[in-house]
Amino acid sequence: MGDAEVDFWTPTIEAFRPLQLDGPELTPKLLKRPPFRFIADIVTAINARFAAYDHIFTPDQLDVTKIDSKEKKIEYLTTLVKYVGSLLGGKIDVNVKRIVSGSEPEKTNVFLQRLALAVGYAQQDKARKAQAPAPATPEPSDPITTPKVSTPATGSPSRSEMPRRASNSVGNSLKKEALMREATEFFSKVNDYGHLKLDQEQSVKEVGQSIVDMYNELKQDTDTSEPSSLPLDALEVAIKRQLDVVQQVSVLQDENDTLLEKLEVLLSS
């Protein structure tokens, strides 16, 4: 003889008997492997008679015909199982995915028994939440008024402006004096280079060209070129001096550019 079948559905039928639901009919055939639609119809019948679980679902979830995918079924059952467990003060040992697949009918029946048992608690929880006062909206505080400050008449500067303007004027004067001293020192430095021929117009290009000419003269063969009027040693010294002149002119040019920039900044301020 085979093992006797364990009756796990009768306790479920007995748990729902006091509720006297209009449907669906709880038969052993359906409870041996409860399909999702059967479970959802039970919840709908409970809500129709007691309005116990309708507040935990979205409008689409309350319409069983719209729960048409496995993901939606799992979401629906997850919400229901967690809520019933919270009402009874403990987690219900059931896997919602296995409820959908029908692979754990014994645990599914235990869950249905908890569902019937928690109807009264669900009604109380719903009523308590409905009576809970809404959070008070803070009243706007009185606007902060800024005291009016009298403004001087148009065209007459305030006292706070007058010292600032005077200070700016004094500062500009000091900058001009310092810049004039710097320009005078620069001019004196330029005058010290007498060999630069400041009284004549002479560019760096002209100075450089004279060096090139002297260098080319040194390279030329003595048979094909006229000998220099200067001895070779003296010519080398002259070339070296010319190179020093070019370097000095470059330094002076940089100082001149810096001085001009300072003048432009001062004039534009």
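Just so it is clear, the structure is predicted and the values come from calculations on it, not from any experiment. Position numbers for residues start from 1 in each chain and track the written sequence from start to end. Where totals are concerned, whole chains, interfaces and linings use all residues; where local detail is concerned, this predicted model gives features only for residues with pLDDT of at least 70, and gives and counts side-chain atom pairs only at 80 or more. With hydrogens and water set aside, each side-chain value is computed from the structure's full complement of heavy atoms.

Caption draft 1: Just helix α7 (residues 105-117), in detail. End to end, α7 covers 18 Å across 13 residues, agreeing with the expected 18 Å (1.5 Å per residue, within 8%). Each residue gets one of three labels from its accessible area relative to the maximum for its type: buried under 20%, exposed over 50%, partly exposed in between, using a 1.4 Å probe on protein chains only. Strands here are runs of E lasting at least two residues and helices are runs of H or I lasting at least four, both read from the DSSP assignment and numbered beginning at the N terminus. Buried within α7 we find P105, T108, N109, F111, L112, Q113, L115 and A116. How far a helix is expected to stretch is found by multiplying one less than its residue total by 1.5 Å.

Caption draft 2: Just a negative patch on the surface, in detail. A contiguous patch of negative charge, built from D254, D257, E261 and E264, is present on the exposed surface. Summarising the element assignment, D257 is placed in helix α11 (residues 232-268). Overall, D257 belongs to the partly exposed group, its relative accessible area being 33%. Here, patches come from residues exposed beyond 30% relative accessible area and free of salt bridges, joined within 9 Å for like charges and within 5 Å for nonpolar side chains (Val, Leu, Ile, Met, Phe, Trp, Tyr). The Shrake-Rupley method, run with a 1.4 Å probe, gives the accessible areas here. Residue values count only the displayed protein chains as cover. By convention in these notes, a salt bridge is any Lys or Arg side-chain nitrogen within 4 Å of a carboxyl oxygen on Asp or Glu. The charge count treats Lys and Arg as positive and Asp and Glu as negative. His and the chain ends do not count. Positions of charges follow a simple convention, taking NZ of Lys, CZ of Arg, CG of Asp or CD of Glu.

Caption draft 3: Spotlight on the pattern of salt bridges. In total, this model carries ten salt bridges according to the counting rule given. Across the pair K32 and E5 runs a salt bridge, and its minimum N-O distance is 3.7 Å. Of this pair, K32 sits in helix α2 (residues 28-32) while E5 sits in the segment before α1 (10-16), and the two are 27 residues apart along the sequence. Exposure remark for K32: the relative accessible area of 33% places this residue in the partly exposed category. Under the relative-accessibility criterion, E5 is labelled exposed at 56%.

Caption draft 4: A look at the nonpolar core. Residues belong to a common nonpolar core when they are buried Ala, Val, Leu, Ile, Met, Phe, Trp, Tyr or Cys residues joined through side-chain atoms within 4.5 Å. By size, the foremost hydrophobic cluster in this structure holds 39 residues, and its most contacted members are F16, Y53, L80 and L115. Broken down by secondary-structure element, the contributors of at least two residues to this core are α1, α3 (36-50), α5 (70-88), α6 (96-101), α7 and α8 (119-131).

Caption draft 5: Focus on the environment of Q20. Tracing the backbone through its elements, the reader meets Q20 in the loop between α1 and α2. Along the chain, Q20 and A45 lie 25 residues apart, while their C-alpha atoms are 9.8 Å from each other.

Caption draft 6: Highlighting the packing of α3 against α5. Each axis is a line fitted through C-alpha atoms, taken for helices only over the stretch in contact, and angles between the N-to-C directions span 0 to 180 degrees. The N-to-C vectors of α3 and α5 enclose an angle of 45 degrees; their axes lie 12 Å apart at closest approach. By the angle between their axes, α3 is oblique relative to α5. The handedness of the crossing between α3 and α5 comes out as left-handed. Contacts between α3 and α5 involve F36, I39, A40 and V43 from the former and K73, Y76, L77 and L80 from the latter. Side-chain classes are defined by residue name, with Ala, Val, Leu, Ile, Met, Phe, Trp, Tyr, Cys and Pro counting as nonpolar, Asp, Glu, Lys and Arg as charged, and the others, Gly among them, as polar. Taken together, the residues that form the contact of α3 with α5 break down as seven nonpolar, no polar and one charged. Each angle is binned into one of four classes, with values under 35 degrees roughly parallel, values over 145 roughly antiparallel, values of 65 to 115 roughly perpendicular, and all other values oblique. Two helices cross in a left-handed way if the nearer one is turned anticlockwise from the farther one by less than a right angle. They cross in a right-handed way if the turn is clockwise. Any pair of residues with heavy atoms lying within 4.5 Å of one another is described as a contacting pair.

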